[in-house]
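Here is how the chains run, residue by residue.
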Amino acid sequence: MYALAPSILSADFAALGEDVKKVENAGAQYLHIDVMDGDFVPSLSLGMPVIRSIRKKSDMVFDVHLMMSHPEPYIEEFADCGADIITVHAEACRHLHRTLRQIRDCNVKAGVSLNPATPLSVLEYVLDQTDMVLIMSVNPGFGGQSYIESSTNKIWKLREWIKREQLNVDIEVDGGVGLNNARTILDAGANILVAGSAVFNGDCAANVKAFLDILNDYNE
Ligand SMILES: O=C(CO)[C@@H](O)[C@H](O)COP(=O)(O)O
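No experiment lies behind these values; they were computed from the predicted model shown.

**Quick word on helix H8 (residues 204–219)**
Compared with an ideal rise of 1.5 Å per residue, which puts 16 residues at 22 Å, H8 spans 22 Å between its outermost C-alpha atoms and is within 8% of the ideal. Regarding H8, the residues found buried are Cys204, Asn207, Val208, Phe211 and Leu215. The secondary structure elements touched by the buried residues of H8 are strand E1 (3–6), helix H1 (16–25), helix H6 (182–188), strand E8 (192–195) and helix H7 (197–200).

**Section: the packing of H1 against H8**
Look at H1 against H8: their axes get within 8 Å of each other, and the N-to-C directions meet at 35°. Two packed elements cross with a definite hand, and for H1 against H8 that hand is right-handed. The segment H1 lies against H8, with Asp19, Lys22 and Val23 engaging Cys204, Ala205 and Val208. Residue composition of the contact of H1 with H8, by class: four nonpolar, no polar and two charged.

**Some thoughts on the UniProt feature "binding site: a divalent metal cation" (unreviewed entry) in the chain**
In this structure's numbering, the residues bearing the UniProt feature "binding site: a divalent metal cation" (unreviewed entry) are His32, Asp34, His65 and Asp174. Across 143 residues of sequence, these annotated residues stay compact in space, with a maximum C-alpha separation of 10.7 Å. Locating aspartate 34 in the fold gives a position in strand E2 (residues 30–36). Setting aside residues up to four positions removed in sequence, aspartate 34 forms contacts with Ser7, Leu9, Ser45, His65 and Met67. Structurally, the position occupied by aspartate 174 is in strand E7 (residues 170–174). Among the residues examined, aspartate 174 registers 28 C-beta atoms within 10 Å and is labelled buried. Apart from residues lying up to four places away in sequence, aspartate 174 is in contact with Leu134, Met136, Ser137 and Val194.

**A look at the UniProt feature "binding site: substrate" (unreviewed entry) in the chain**
The feature "binding site: substrate" (unreviewed entry), as given by UniProt, occupies Ser7, His65, Gly141, Phe142, Gly143, Gly144, Asp174, Gly175, Gly176, Gly196 and Ser197 in the numbering adopted here. Counting through the fold element by element, glycine 141 comes out in the loop between strand E6 (132–136) and helix H5 (150–164). When sequence neighbours within four positions are dropped, the list of residues in contact with glycine 141 reads Met36, Val41, Pro42 and Ser43. Residues within four places of glycine 196 in sequence aside, it is in contact with Ser7, Leu9, Ser10 and Gly143.

**Here we look at unusual backbone geometry**
A positive phi angle is found at histidine 70, which is not glycine, with a value near 45°. Within the secondary structure layout, histidine 70 lies in the loop between strand E3 (61–67) and helix H3 (75–80). Judged by the 15 C-beta atoms lying within 10 Å of it, histidine 70 falls in the partly exposed class.

**Structural notes on the sheet that holds strand E4 (residues 85–89)**
Read across the sheet, eight strands follow the order E1-E8-E7-E6-E5-E4-E3-E2 without closing on themselves; strand pairing throughout is parallel. Single-partner strands in this sheet number two, and they are E1 and E2. Taking each pair of neighbouring strands and ignoring which way they run, the sheet shows an average axis angle of 25°. The sheet contact formed by E3 and E4 spans four bridges and is parallel. Counterpart to leucine 66 in the pairing with E4 is valine 88. Strands in contact with H5 are E6 and E7; relative to E7, the strand with the most contacts, it is inclined by about 170°.

**Some thoughts on the site of the ligand**
Around the ligand, a shell composed of 21 residues is seen, among which Ser7, Leu9, Gly143, Gly196 and Ser197 lie nearest. Elements supplying a minimum of two residues to the shell around the ligand: E2, E8 and H7. Across the shell around the ligand, the residue classes break down as eight nonpolar, eleven polar and two charged.

Conventions used here
Residues numbered from 1 in each chain as written. Predicted model: local features only at pLDDT ≥ 70, side-chain atom pairs only at ≥ 80, totals over all residues. Helix = DSSP H or I, 4+ residues; strand = E, 2+ residues; numbered from the N terminus. Expected span 1.5 Å × (residues − 1). Buried ≥ 20, exposed ≤ 12 C-beta atoms within 10 Å, placed from the backbone. Contact = placed C-beta atoms within 7 Å. Axes fitted to C-alpha atoms, helices over the stretch in contact; angles between N-to-C directions. Left-handed = near helix turned anticlockwise from the far one by under 90°. Nonpolar A, V, L, I, M, F, W, Y, C, P; charged D, E, K, R; others polar. UniProt positions renumbered as here; feature names shortened; annotations may be inferred. Pairing = 2+ DSSP bridges. Near = placed C-beta within 6 Å.

In structure tokens, the structure reads:
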């Protein structure tokens, strides 16, 4: 399954509910929600009350990306807010294996994210406990950055590994994803594209449709 996950970090926060409806009505399947703590990343974004509010307005898959140091005490509450997938950073968890179990115990899919400098090897003993790997293709914290080219090779290697082990793990890519590089990223083996500025800058319905046209070629 191939999907688009518009990142609300680039939405208009004064009209967030409307922006969410726009991308949902245009056919986006996932909604990427970045939670930033000002410690793991040098920025702050939004938290549980916002997620609860938009959950009432949307049936999309809520893909909650915790860019937080030590997220463990908050997992249950994010699940209760309506997250369908909770992704934590390998770099931010003291006991990653335990945290992934904790997420799955909430009946939510468990994702692991890797910063650009983090090697795939940190996944060696947790890949079979993981529903999705989120490859950060920018250093996390801000929208509108340029795609780091070495991410493509990382995606290839991870897809080969998942195939070799016959696992069912999604690969999501986040940062600098646009219509210009979407096919390269999908060809490398990703199946979920996060896009912030490439969706919300300009006509979001038309932008979503342009991404879905590409993704549909892979869904066939
Ligand atoms: O996690 C992040 C940034 O840290 C992202 O989800 C951004 O929101 C992606 O923005 P673009 O690079 O697509 O503008």
